[in-house]
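# Overview (structure and organization)
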Amino acid sequence: MSIKWSAILPGLFSVLGNIGSAAAGNKLATYNAAAVTAVKSAVTKVDGGVDHLQAAFTKWEDANPVAQEAIKGTVSLLRGLGVTVPDLDVVTTHVKAAVADLSGILVPQDTPAQATTVAPTAAA
């Protein structure tokens, strides 16, 4: 009995691709969850945390105390979970995303003034 590899390989590659993308998605979800948790913790740990959170949202600066604490916290959480810690730039990207998400939730954002419209008057 011979095996027809041309019939088996496409299905096998499809299954392996799905497993790989699921694993990558799970890892990204872990990074995101760790970053969100670390930012929440940093906001409560740093004096004036909400103000620093808003400042980090408005203009990212590595010297921001919430940013520094959140990056350290994300790395600690990932290591504690036994997850390989990615490059520091990747951690920073996830922390920036978490800052943007949480800033929108925790800090009321200024809304642009509502434009008032005047109904046109009918010509007499």
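Residues numbered from 1 in each chain as written. Predicted model: local features only at pLDDT ≥ 70, side-chain atom pairs only at ≥ 80, totals over all residues. Heavy atoms only, no water.

### Focus on the nonpolar core
- Counting 16 residues, the largest nonpolar core has Val39, Val95 and Val99 as the members making the most contacts within it.
- In terms of residue count, helix α4 (residues 88-106) provides more of this core than any other element does, five residues in total.
- In this structure, Val99 is in contact with Val39, Leu53, Ala56, Phe57 and Trp60, ignoring residues within four places of it in sequence. (Core = buried A, V, L, I, M, F, W, Y, C linked by side-chain atoms within 4.5 Å. Buried < 20%, exposed > 50% of the residue type's maximum accessible area, 1.4 Å probe, protein only. Helix = DSSP H or I, 4+ residues; strand = E, 2+ residues; numbered from the N terminus. Contact = heavy atoms within 4.5 Å.)

### A look at the confidence of the model for the protein chain
- Looking at the protein chain, pLDDT values average 76 and 65% of them are 70 or higher.
- Of all secondary-structure elements in the protein chain, the lowest mean pLDDT belongs to helix α1 (residues 5-45), at 69, while helix α3 (residues 65-80) reaches the highest, 91.
- Every residue in residues 20-24 is under pLDDT 50, and counting partners more than four places away or in other chains gives zero contacts.
- For residues 113-117, every residue scores under 50 in pLDDT, and the model assigns this stretch zero contacts once sequence neighbours within four places are set aside. (pLDDT = per-residue confidence, 0-100.)

### Notes on the pattern of salt bridges
- Summed over the entire model, instances satisfying the criterion amount to three salt bridges.
- The partner of Lys59 in a salt bridge is Glu61, with the nearest N and O atoms 3.3 Å apart.
- Judged by its relative accessible area of 54%, Lys59 is exposed.
- Look at Glu61 and you get partly exposed, because its relative accessible area is 40%.
- Residue Glu69 pairs with Lys72 through a salt bridge whose shortest N-O separation is 3.8 Å. Taken together, the positions of Glu69 and Lys72, both in helix α3 and three residues apart, correspond to about one turn of that helix.
- Beyond isolated ion pairs, a larger network of salt bridges with shared partners links Lys45, Glu69 and Lys72. (Salt bridge = Lys/Arg side-chain N within 4 Å of Asp/Glu carboxyl O.)

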